[in-house]
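# What the coordinates show
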Amino acid sequence: MEALVKTDWVARSLASVWHPCTQMQHHENLPMVALSHGHGAWLMDYDGNRYIDAISSWWVNLFGHANPRINAALKAQLDQLPHAMLAGFTHEPVVSLSEKLSALTGGELGHCFYASDGASAVEIALKMSFHAWRNHDQPEKQEFIYLHGSYHGETIGALAVTDVPLFRQAYGSMLQHAHLVATPDARMALKDESASDVARRAAADVRRVLQRRSGHIAAIIVEPLVQCAAGMVMHDPVYLQLLRQLCDEFNVHLIADEIAVGCGRTGTFFACEQSGIWPDFLCLSKGISGGYLPLSLVMTREKIYQAFYHDDLARAFLHSHSYTGNPLACRAALATLAIFEEDDVLAKNRVLGDKLEALLKPVAEHAQVKNFRRRGMIFAFDVEPKIKEGFARRFFTEALAQKLLLRPIGNTVYLMPPYILKNDEVALLASGTLAALEQSC
Ligand SMILES: *Cc1c(COP(=O)(O)O)cnc(C)c1O
């Protein structure tokens, strides 16, 4: 009976649901898992199988599935105010969330603008930068700089500053031109070079573009510390300091896309904190609602806000989405921030991360593994499989057999677990990763 129900869901899904980031034909061989429920770090299917959600369901789930504290907060909000428009109206969850986030930047980024998904937050930051220059009587500053290997989302505007060829290639002629600069990828260190040397070389590339073109450049957009979608590409924090200096020198905005790296993922609440800088725009999404509801936002400075503050309607930032500032999503975010405070999550994660890293030593030392790396609660390594073709899908399938949800990016395997793993779950994650590696490479 149970199995029958499961078969039913998968078949019906394949017939009616067009799944994201998927060549649907691959599901002729690749398993699709029909989930019945989730609890803590675990996802359960209809056959009674369980999987540790070791990538936090695409990097969103920080405190487990069906977290009792977030559930309770949402149930209360549901009875009070599920949704209302945010133009002309306001409510406690959106005010409290804005104040709390602003306080986390020491008031530097004191204005929060809301949307629902990450790509929209990126587009808002791009539009705000562009429009702020226009309102500052520098309308010629219209262009953007982005990094090799960057990922900022897949809508047309966000894709224009995304450098993942597979996602871009079909849409090239739809995309606005932007300036591509070197990545500070620490793996590119030459002999006797450190990660900070690579960062300096990459910053010099930005300087070259700015020297030539800064009068036309509105902003540079960067994923602080880890370019996640490129395959957990990590760089030295000094890179962000150098970008901040360049942006100040050449009068260009700095957009920090912390959609994936924010919310404690890299070890500090915001990744930028590790460089001791603040951007002009900071995009948040993914983990901010604890992996519950679509929510994104852009935080910015007083100076940018003032560029729009005027009696002329056309100088205002008129961007909106139907669900802007959704109270349920804001409530989930407040419950998420409360857990950070009450449980001292950043300190606990240092211990948890060290434990996992120690247990992953046999993986790091495996003959087919290169560039084992970690930043906070992101772990990654590159695999040189004996059979090159189809490694990612093979590993995914073998990991499922080990009770793990792990979904490599090309030949890079990464772990981005929720912050609530128990000791036995950490052990299973490490041993299962090694087993899946041995079965698939
Ligand atoms: C996921 C992601 C986005 C896009 O967010 P969506 O909610 O998927 O639109 C943008 N930037 C970064 C760095 C991301 O990881």
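Residues numbered from 1 in each chain as written. Predicted model: local features only at pLDDT ≥ 70, side-chain atom pairs only at ≥ 80, totals over all residues. Heavy atoms only, no water.

### A word on the site of the ligand
Quick reminder of the rule: By convention in this text, a residue qualifies as near a molecule or strand provided that one of its non-hydrogen atoms is within 4 Å of it. The term polar contact refers here to a pair of N or O atoms within 3.5 Å; inside protein, the definition further demands a hydrogen-donor-capable atom paired with an acceptor-capable atom, and it admits residues adjacent in sequence only when both atoms are side-chain atoms. All accessible-area figures derive from a Shrake-Rupley calculation using a 1.4 Å probe, and residue coverage is judged against the displayed protein chains alone. Asp, Glu, Lys and Arg are counted as charged, while Ala, Val, Leu, Ile, Met, Phe, Trp, Tyr, Cys and Pro are counted as nonpolar; the rest, among them Gly, fall into the polar class.
Around the ligand, the structure places Trp59, Asp117, Gly118, Ala119, Tyr151, His152, Gly153, Glu223, Asp257, Ile259, Ala260 and Lys286. The contact in question runs from an oxygen atom of the ligand to an N or O atom on the backbone of Gly118, over 2.8 Å. Here Asp257 contributes a side-chain N or O atom positioned 2.6 Å from a nitrogen atom of the ligand. Contact with the protein chains hides 82% of the accessible area of the ligand, taken as 380 Å² for the molecule alone. Of the residues assigned to the shell around the ligand, the class counts are five nonpolar, three polar and four charged.

### Observations concerning the domain arrangement of the protein chain
Our working definition: Just so you know, the domain bounds were taken from an automatic or database domain assignment. Here the buried area means the combined drop in accessible surface, using a 1.4 Å probe, for two parts upon being joined, counting both sides. One speaks of a salt bridge when a side-chain nitrogen belonging to Lys or Arg is within 4 Å of a carboxyl oxygen belonging to Asp or Glu. Secondary structure follows DSSP: runs of H or I at least 4 residues long count as helices, runs of E at least 2 residues long count as strands, and numbering of each begins at the N terminus.
Here the protein chain is described as being made up of domain 1 (2-66 + 344-440) and domain 2 (71-342). By the criterion of area lost to domain 2, the three top residues of domain 1 are Trp59, Leu346 and Arg375, representing 27% of everything that side buries. For the pair domain 1 and domain 2, the interface holds one salt bridge. Ionic pairing is found between Asp382 and Arg187, a salt bridge with its closest N-O pair at 3.0 Å. For the interface between domain 1 and domain 2, the tally reads 13 residue pairs in polar contact (both at pLDDT 80 or more). At the level of elements, α2 (56-59), α12 (345-359), β13 (369-375), β14 (378-383) and β16 (412-415) are the ones that each hand at least two residues to the side of domain 1 that touches domain 2.

### As for the pattern of salt bridges
Where charged atoms from two side chains of opposite charge approach closely, those side chains can pair. All told, the structure shown has 20 salt bridges when counted by the stated rule. The structure contains a network of salt bridges with shared partners spanning Glu108, Arg244, Asp248, Asp280 and Arg301.

### Some thoughts on the nonpolar core
Note the cut-off: Joining through side-chain atoms within 4.5 Å is the link that ties buried Ala, Val, Leu, Ile, Met, Phe, Trp, Tyr and Cys residues into a set, and such a set is a nonpolar core. To sort residues, take the accessible area from a 1.4 Å probe on protein chains only and compare it with the maximum for the residue type: under 20% means buried, over 50% means exposed, and anything in between is partly exposed. We call two residues contacting when some pair of their heavy atoms lies within 4.5 Å.
Judged by nonpolar contacts, the single largest core of 109 residues is most densely connected at Leu97, Leu101, Cys228, Met232, Tyr239 and Ile288. It is helix α11 (residues 327-343) that provides the largest number of residues to this core, a total of 10 residues. The residues that make up this core include at least three from each of domain 1 (2-66 + 344-440) and domain 2 (71-342). Every residue in contact with Tyr239, bar those within four places of it in the chain, is listed here: Leu147, Ala182, Pro184, Ala199, Ala202, Ala203, Val206 and Val222.

### A few points about helix α4 (residues 92-104)
Formally: For a helix, the expected span equals 1.5 Å multiplied by the residue count minus one.
An ideal rise of 1.5 Å per residue puts 18 Å on 13 residues; α4 measures up with 18 Å between its terminal C-alpha atoms. All buried positions along α4 are accounted for by Pro93, Val94, Ser96, Leu97, Ser98, Leu101 and Ser102. The inward-facing, buried residues of α4 abut α3 (68-80), β4 (111-115), β11 (281-284), β12 (296-300) and α11. Positioned one or two residues after α4, Gly106 has a phi angle of 60°, which is positive.

### Description of the side chain of Ser214
Within the fold, Ser214 resides in the loop between α8 (195-213) and β7 (217-222). Aside from chain neighbours lying at most four places away, what touches Ser214 is Lys141, Val209, Phe250 and Val252.

### Quick word on the sheet that holds β13
As a general point, the strands of a sheet are linked pairwise by backbone hydrogen bonds and lie either parallel or antiparallel. The line we're drawing: Here a strand pair is declared whenever DSSP counts at least two bridges between the two strands. Lines fitted to the C-alpha atoms define the axes, with helices restricted to the stretch that makes contact. Angles between their N-to-C directions range from 0 to 180 degrees.
With respect to topology, three strands assemble into an open sheet ordered β13-β14-β16, the strand pairing being antiparallel. With one partner strand each, in any of the chains shown, β13 and β16 form the two edges of the open sheet. Pairs of neighbouring strands in the sheet enclose a mean axial angle of 15°, with direction left out of account. Against the sheet, α12 makes contact with β13, β14 and β16, and its axis sits at roughly 170° relative to β13, the strand it touches most.

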